[in-house]
Amino acid sequence: MIYPIEVKNLYYQYAGKEESILRGINLQIRKGEVVGIVGLSGNGKSTLCYCMCGIIPHIYKGKLKGEALLFGEPVKNMDLAAVATKVGVVFQDPDTQLFSPTIEDEIAFGPENLCLSREEISERVSEAIDLVGMGKYRYSNPYHLSGGQKQLIALASILSLKPEILIFDEAMAQIDTEGRKLIKEKIVALKNTGKTILMVEHDFSNLDIADRIMVLKDGKLEVFQGKL
Ligand SMILES: Nc1ncnc2c1ncn2[C@@H]1O[C@H](COP(=O)(O)OP(=O)(O)OP(=O)(O)O)[C@@H](O)[C@H]1O
């Protein structure tokens, strides 16, 4: 069986560090599943996300053993542009992810880099902005939005690349309760369209929408038993 995400006996050691932070990770995520990974700060959650979205090994050049695969293809064999059409990541800080003067420009940026036609870009922007329910802000400046709304725009800018897999790396850490509710609703709606979703959190109360939760501890994944 080919999984959207599969990780096989993965080890990773940052350059200059004495020990591996990931020490034998195995994970398989089926299409349409929402999987949560919880772990204390510094346990390697972001590092694991980097292995799935190509930042490792394409940008960080530490020691990697084992593999992360997207639809059966090793991430290490794909270039970053190819990875970005398969997996999109929403990171923790919305302000570091937005840089365009209008929301429309922000969401169009990815498809423009794919050299698509004007019509196709405009269609993708409309579809992505509607998916996150932010259509009325299309021509606004993103800097005036709330944290939760900014994360929805970061999500829309990823959706415009039409990835099958979405990773939320502590995407709710800096967001108020109302914003978290909004983001969780969109995650459930995206699952229902068949997207495969990985949510990484240090606070497991944000993972109530996950189909299953794993805990990252001592470099390995275990089934979450209700406490860290
Ligand atoms: N670029 C890097 N170079 C060297 N060490 C790093 C690098 N990035 C992270 N680390 C180290 O790897 C460990 C795991 O970091 P990581 O960010 O993956 O953990 P995390 O579980 O996501 O933590 P947090 O919840 O605080 O983001 C930490 O000890 C961190 O200092």
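Residues numbered from 1 in each chain as written. Predicted model: local features only at pLDDT ≥ 70, side-chain atom pairs only at ≥ 80, totals over all residues.

**Looking at the overall build of the protein chain**
Regarding its fold elements, the protein chain presents seven helices and ten strands. Relative to the compact-globule value of 17 Å for 228 residues, the protein chain shows a C-alpha radius of gyration of 17 Å, a close match. Dimensions of the protein chain, computed from the C-alpha atoms along their principal axes, are close to 50 × 35 × 35 Å. Out of the 228 residues in the protein chain, the part that is buried amounts to 43%. Across the protein chain, every contact between residues at least 6 apart in sequence was considered, and the portion connecting residues at least 24 apart equals 70%. (Helix = DSSP H or I, 4+ residues; strand = E, 2+ residues; numbered from the N terminus. Rg over C-alpha atoms; globule rule 2.2 N^0.38 Å. Buried ≥ 20, exposed ≤ 12 C-beta atoms within 10 Å, placed from the backbone. Contact = placed C-beta atoms within 7 Å.)

**Quick notes on helix α4 (residues 103–113)**
Along α4, the residues that are buried comprise Ile103, Glu106, Ile107, Ala108, Gly110 and Pro111. Buried positions along α4 lie against α5 (118–131) and α6 (147–159). A positive backbone phi angle near 60 degrees is found at Cys115, which sits one or two residues after α4.

**A few points about the sheet that holds strand β2 (residues 22–29)**
Here we have four strands laid out as an open sheet, ordered β2-β1-β4-β5, and antiparallel in their pairing. Each end of this open sheet is capped by a strand with a single partner; those strands are β2 and β5 (73–74). Across six bridges, the pairing between strand β1 (residues 5–13) and β2 is antiparallel. Across the sheet, residue Tyr11 finds its bridge partner in β2, namely Arg23. (Pairing = 2+ DSSP bridges.)

**Focus: the sheet that holds strand β6 (residues 87–90)**
What holds strands together in a sheet is hydrogen bonding between their backbones, with the strands either parallel or antiparallel. Strand order in the open sheet made by the six strands is β6-β7-β8-β3-β9-β10, with mixed pairing throughout. Edge strands, defined here as strands with exactly one partner in the open sheet, are β6 and β10 (220–223). Taken over all neighbouring pairs, the strand axes of this sheet differ in orientation by 25 degrees on average, direction set aside. Two elements, β6 and strand β7 (residues 165–169), share four bridges in a ladder whose sense is parallel. Residue pairing in the sheet places Val90 in a bridge with Phe168 of β7. Its contacts with the sheet place helix α7 (residues 177–192) against β3 (34–38), β7 and β8 (196–201), and it is angled at close to 150 degrees to β8. (Axes fitted to C-alpha atoms, helices over the stretch in contact; angles between N-to-C directions.)

**What about the pairing of strand β4 (residues 63–70)?**
Two strands pair when backbone bridges link them, and β1 and β4 are joined in this way by seven bridges, in the antiparallel orientation. Of the residues in β4, the one forming a bridge with Gln13 is Lys63. Two strands pair when backbone bridges link them, and β4 and β5 are joined in this way by two bridges, in the antiparallel orientation. Bridge assignment links Leu69 to a residue of β5, and that residue is Pro74. Remark: two residues form the turn of the hairpin made by β4 and β5, two consecutive strands paired antiparallel; Phe71 in that turn has positive phi of roughly 50 degrees.

**A closer look at the confidence of the model for the protein chain**
Chain-level pLDDT for the protein chain is 94 on average; 100% of the residues reach the 70-or-more range. As scored by the predictor, the complex reaches a pTM of 0.94 and an ipTM of 0.96. (pLDDT = per-residue confidence, 0-100.)

**Comments concerning the packing of α4 against α5**
At their nearest, the axes of α4 and α5 sit 9 Å apart, and the two run at 125 degrees to each other. Put simply, α4 runs oblique to α5. The chirality of how α4 crosses α5 is right-handed. Here α4 contributes Glu104, Ile107, Ala108, Pro111 and Glu112 to the contact with α5, which in turn contributes Glu120, Ile121, Arg124, Val125, Ala128 and Ile129. When grouped by side-chain class, the residues that make up the contact of α4 with α5 number seven nonpolar, no polar and four charged. (Parallel < 35°, antiparallel > 145°, perpendicular 65-115°, else oblique. Left-handed = near helix turned anticlockwise from the far one by under 90°. Nonpolar A, V, L, I, M, F, W, Y, C, P; charged D, E, K, R; others polar.)

**Quick look at the nonpolar core**
By size, the foremost hydrophobic cluster in this structure holds 64 residues, and its most contacted members are Cys51, Met52, Ala156, Ile167 and Leu198. Residue contributions to this core peak at seven residues, all from α6. If near-sequence neighbours (up to four positions away) are discounted, Ile167 is found in contact with Cys49, Met52, Cys53, Val87, Val89 and Leu198. (Core = buried A, V, L, I, M, F, W, Y, C linked by C-beta atoms within 7 Å.)

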